[in-house]
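# Per-entry structural report
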Amino acid sequence: MANHSALTELLSIMQTLRDPNGGCPWDLKQDFKSIVPHTLEEAYEVADCIESGNLNELKNELGDLLFQIVFYAQLAQEQSLFDFNDVIEQLNAKLTRRHPHVFGDKKALNDEQLSLQWQAIKAQERSEKALTNTSLLWQDIPANMPSLSKAKKIQQRVASMGFDWPTYHGALDKVSEEVLEVKEAITHDPLSDHTAEELGDLLFATVNVARHVKRDPEQLLRNANDKFSARFEKVQAYLHAQGKSLETASLEEMDNAWEAIKKHK
């Protein structure tokens, strides 16, 4: 755990990097918007460390992610908006407020009771910071959140209000229904806006199934990407062993290699 002096040193380093007299030119020309892509990249690198089991590197990646927060706080301090200490104080207050069963009445709650309590607290927070140009329903869901995660968030929100399938069976039946609608749309015009809309509905319905079986759709798709990539590399090696390449092999040869790899996974 970082001690007070280490944190103080980190904040001092950030101030020096942003010092107009002798600071780093790259850091000096950054603003809130320009460092957002770096923040997202660092967050994904943290996730990659965890998912790949590379925990020895996790400390380093967490440090890079922390630096992003320190950077935002420094920019805000320069504009007299808030500072790093304000970020910590607000976080402390939020964690305490959202865990009354730990810091308040200390009641023992089961999973269902915890979920209901969490939903009530979040609803109260949304109502307290209502914005005139945004529906209260979606106000705290970032507009640029990855679409699979956003779909899950939206579904969780309406489910908390009782609009949900009782079990995964209803969600799975909805996927089958959407598949039929996609087939019909593609048969009529594969390039139409209607076909695109039906494909979106199918993706949304699939996320609902993942949510019902307690899986994160973003992680599921990342796993599927990795699985496909690794298997296709084996297809390449399989063809190479036969004196062929991806560039010269026919679709049938690649498909046969794919099926052979699947049988020996």
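See the structure printed just above.
My aim in this report is to walk through the structure given alongside it, one point at a time. The residue numbering used here restarts from 1 in each chain and proceeds along that chain's sequence as written. Given that this is a predicted model, residues contribute local features only at a pLDDT of at least 70 and side-chain atom pairs are listed and counted only at 80 or more, while totals for whole chains, interfaces and linings are drawn from all residues. Hydrogens and water molecules were not included; the side-chain quantities draw on all heavy atoms of the structure.

### Some thoughts on the overall build of the chain
Check the secondary structure of the chain and you find 12 helices and 0 strands. Labels follow the DSSP assignment, with helices taken as runs of H or I lasting at least four residues and strands as runs of E lasting at least two, numbered in each case from the N terminus. Its helices and strands in sequence order give the chain the pattern α-α-α-α-α-α-α-α-α-α-α-α, from N to C terminus. Only protein chains enter the accessibility calculation, which uses a 1.4 Å probe; a residue whose area is less than 20% of its type maximum is buried, one above 50% is exposed, and one in between is partly exposed. A total of 265 residues make up the chain; the buried ones form 23% of that total. Considering only residue pairs separated by 6 or more positions, the chain has 48% of its internal contacts joining residues 24 or more positions apart. Whether two residues are in contact is decided by their heavy atoms: any pair within 4.5 Å suffices.

### Description of the side chain of threonine 39
Tracing the sequence through the fold places threonine 39 in helix 3 (residues 36–51). Among the residues examined, threonine 39 registers a relative accessible area of 18% and is labelled buried. Only 3.0 Å separates the side chain of threonine 39 from the side chain of glutamine 68, close enough to count as a polar contact. Leaving out residues up to four positions away in the same chain, threonine 39 has contacts with Leu65, Gln68 and Tyr72. Contacts described as polar in this section are N or O atom pairs within 3.5 Å, which, within protein, must combine one atom able to donate a hydrogen with one able to accept it, while residues neighboring in sequence count only if both atoms come from side chains.

### Points about the pattern of salt bridges
By convention in these notes, a salt bridge is any Lys or Arg side-chain nitrogen within 4 Å of a carboxyl oxygen on Asp or Glu. In this structure the tally under the stated criterion is 7 salt bridges. In this structure, arginine 222 and glutamate 51 form a salt bridge, with 2.4 Å as the shortest nitrogen-oxygen distance. Of this pair, arginine 222 sits in helix 11 (residues 217–241) while glutamate 51 is found in helix 3, placing the two residues 171 residues apart along the sequence. When its relative accessible area of 26% is taken as the criterion, arginine 222 is described as partly exposed. A salt bridge links glutamate 177 to lysine 174; the shortest N-O distance between them is 3.1 Å. With glutamate 177 and lysine 174 both in helix 9 (residues 168–188), this residue pair falls 3 residues apart, about one helical turn. Taking relative accessible area as the criterion, lysine 174 reaches 27% and is therefore assigned partly exposed. When salt bridges with common partners are traced through the structure, they connect Lys174, Glu177 and Glu178 into a single cluster.

### Considerations on the packing of helix 3 against helix 4 (residues 58–78)
Packed helix pairs are specified by the crossing angle of their axes together with the interaxial distance, meaning the distance between the axes. Helix axes use the C-alpha atoms of the stretch in contact, all axes being lines fitted to C-alpha atoms, and the angles between their N-to-C directions lie in the range 0 to 180 degrees. Two numbers describe how helix 3 lies on helix 4: the axes approach to 9 Å, and their chain directions differ by 155°. One finds that helix 3 runs roughly antiparallel with respect to helix 4. In this structure, helix 3 crosses over helix 4, and the sense of that crossing is left-handed. Note on element contacts: helix 4 touches helix 3 through Leu58, Glu61, Leu62, Asp64, Leu65, Gln68 and Tyr72, opposite Val36, His38, Thr39, Glu42, Ala43, Glu45, Val46, Cys49 and Ile50. Looking at side-chain class alone, the contact of helix 3 with helix 4 contains 9 nonpolar, 3 polar and 4 charged residues. When an angle is under 35 degrees it counts as roughly parallel; over 145 it counts as roughly antiparallel; between 65 and 115 it counts as roughly perpendicular; any other value is oblique. In this scheme, a crossing is called left-handed if the near helix is turned counterclockwise away from the far one by less than a right angle; it is called right-handed if the turn is clockwise. Classification convention: Asp, Glu, Lys, Arg as charged; Ala, Val, Leu, Ile, Met, Phe, Trp, Tyr, Cys, Pro as nonpolar; all other residues, Gly among them, as polar.

### Let's talk about the packing of helix 11 against helix 12 (residues 251–263)
Where helix 11 meets helix 12, the axes come as close as 9 Å, and the angle between the chain directions of the two elements is 115°. Overall, the two elements helix 11 and helix 12 adopt an arrangement that is roughly perpendicular. Of the two possible hands of crossing, helix 11 and helix 12 adopt the one that is right-handed. Along its contact with helix 11, which presents Phe228, Arg231, Phe232, Lys234, Val235, Tyr238 and Leu239, the element helix 12 presents Glu253, Met254, Ala257, Trp258, Ala260, Ile261 and Lys262.

### What about a nonpolar patch on the surface?
Patches in this entry comprise residues that are over 30% relatively accessible and not in a salt bridge; like charges within 9 Å are linked, as are nonpolar side chains (Val, Leu, Ile, Met, Phe, Trp, Tyr) within 5 Å. Accessible surface area values rest on a Shrake-Rupley calculation with a 1.4 Å probe, where residue burial reflects the displayed protein chains alone. Where nonpolar side chains cluster on the molecular surface, the patch consists of Val36, Leu40 and Tyr44 and spans about 270 Å² of accessible area. In this fold, leucine 40 is placed in helix 3.

Interpretation in functional terms is not warranted from these geometric data alone.
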